[in-house]
Amino acid sequence: GAVVSQHPSRVICKSGTSVKIECRSLDFQATTMFWYRQFPKQSLMLMATSNEGSKATYEQGVEKDKFLINHASLTLSTLTVTSAHPEDSSFYICSAESPGLAGGLTEQFFGPGTRLTVL
Amino acid sequence: QKEVEQNSGPLSVPEGAIASLNCTYSDRGSQSFFWYRQYSGKSPELIMSIYSNGDKEDGRFTAQLNKASQYVSLLIRDSQPSDSATYLCAVVNDYKLSFGAGTTVTVRA
């Protein structure tokens, strides 16, 4: 399957600071990437859809000014958590759509995730 | 109403047995269905995709899809301790993945 990397894998920061998380597709170009958040014992919740060269589309209830997404190239999307607070502590996971399969169908492959802890 | 529902766990099976996981979805127009495996503290790993009615087999895994019943399942044959994980059913709605809550499987040695 396609390989997606994330950096950093773990970050601890002080309340009020900003944290940037990078997501890269290593062996394919991804027009679309997705950002998810997962709290303990819960499933993945989509935060936003990131399209190369255009503004991200945020899900209802996700603050676009707090979670800044930039998809500047076909292999890199970044998520910046601005003015982080303890309630932002979570497991942040990105995914990238693989090139189209037969019939235009695609699959999403996930990065290893970034565990954010805000003190 | 949740878009994707999975049978509640946890599911405990003995080593070598068959683990059966079920999933229903609400959007009749959905065309793409996936099963992901997630180990504790790790991100999801795609193990099966299915797009057409019927069965799809890949090694010890078999996915079954019935669009008329809006039902997709996953069978794990000859379960191994390494299969112990949470299995997430995911359905594409409006070009986005919607996940079920997951079913945690424990394979007893």
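Residues numbered from 1 in each chain as written. Chains lettered and ligands numbered in written order. Predicted model: local features only at pLDDT ≥ 70, side-chain atom pairs only at ≥ 80, totals over all residues. Heavy atoms only, no water.

Participant: Outline the packing of aromatic side chains, listing residues and values.
Facilitator: Tallied over the entire structure, the rule returns nine aromatic pairs over all chains. With a centroid separation of 5.8 Å and an interplanar angle of 85 degrees, the aromatic rings of Tyr36(A) and Phe99(B) are classed as edge-to-face. Separated into two different chains, Tyr36(A) in strand β4 (residues 32-38) and Phe99(B) in strand β10 (residues 96-99) make up a pair that spans both. Comparing Tyr36(A) with Phe99(B), the two get one shared label, buried. One aromatic cluster is present, formed by Tyr36(A), Phe110(A), Phe34(B), Tyr36(B), Tyr51(B) and Phe99(B) through successive ring pairs. For the cation-ring pair, Lys66(A) lies above Phe67(A), with the distance from its terminal atom to the ring centre recorded as 5.9 Å. The lysine or arginine in question, Arg60(B), covers the ring of Phe61(B), its NZ or CZ lying 5.7 Å from the ring centre. (Phe/Tyr/Trp six-rings, centres within 6.5 Å; stacked < 30°, edge-to-face > 60°. Helix = DSSP H or I, 4+ residues; strand = E, 2+ residues; numbered from the N terminus. Buried < 20%, exposed > 50% of the residue type's maximum accessible area, 1.4 Å probe, protein only. Lys NZ or Arg CZ within 6 Å of the ring centre and 35° of its normal.)

Participant: Break down the interface of chain B and chain A for me, with residues and values.
Facilitator: Every contact between the two is made by 18 residues of chain B and, on the other side, 22 residues of chain A. Of all residues in chain B, the largest losses of buried area upon contact with chain A belong to Ser43(B), Lys96(B) and Phe99(B), amounting jointly to 30% of the total for that side. Joining chain B to chain A, the criterion identifies one salt bridge. The residue Glu59(A) makes a salt bridge to Lys96(B) at a minimum N-O spacing of 3.0 Å. Put simply, chain B and chain A have seven residue pairs in polar contact (both at pLDDT 80 or more) between them. A per-class count over the side of chain B that touches chain A returns ten nonpolar, six polar and two charged. (Contact = heavy atoms within 4.5 Å. Buried area = accessible area lost by both parts, 1.4 Å probe. Salt bridge = Lys/Arg side-chain N within 4 Å of Asp/Glu carboxyl O. Polar contact = N/O pair within 3.5 Å; in protein donor to acceptor, adjacent residues only side chain to side chain. Nonpolar A, V, L, I, M, F, W, Y, C, P; charged D, E, K, R; others polar.)

Participant: Break down the pattern of salt bridges for me, with residues and values.
Facilitator: Within the structure shown, the criterion is met by six salt bridges over all chains. Across the salt bridge formed by Glu22(A) and Arg24(A), the nearest N and O atoms sit 3.4 Å from each other. For Glu22(A), a relative accessible area of 25% gives the class partly exposed. Judged by relative accessible area, Arg24(A) falls into the partly exposed class, the value being 35%. Close ionic contact of Glu57(B) with Arg77(B) constitutes a salt bridge, the shortest N to O distance being 3.4 Å. Of this pair, Glu57(B) sits in strand β6 (residues 54-58) while Arg77(B) sits in the loop between β8 (71-76) and β9 (85-93), and the two are 20 residues apart along the sequence.

From the geometry alone we can't say anything about function, so treat these as descriptive.
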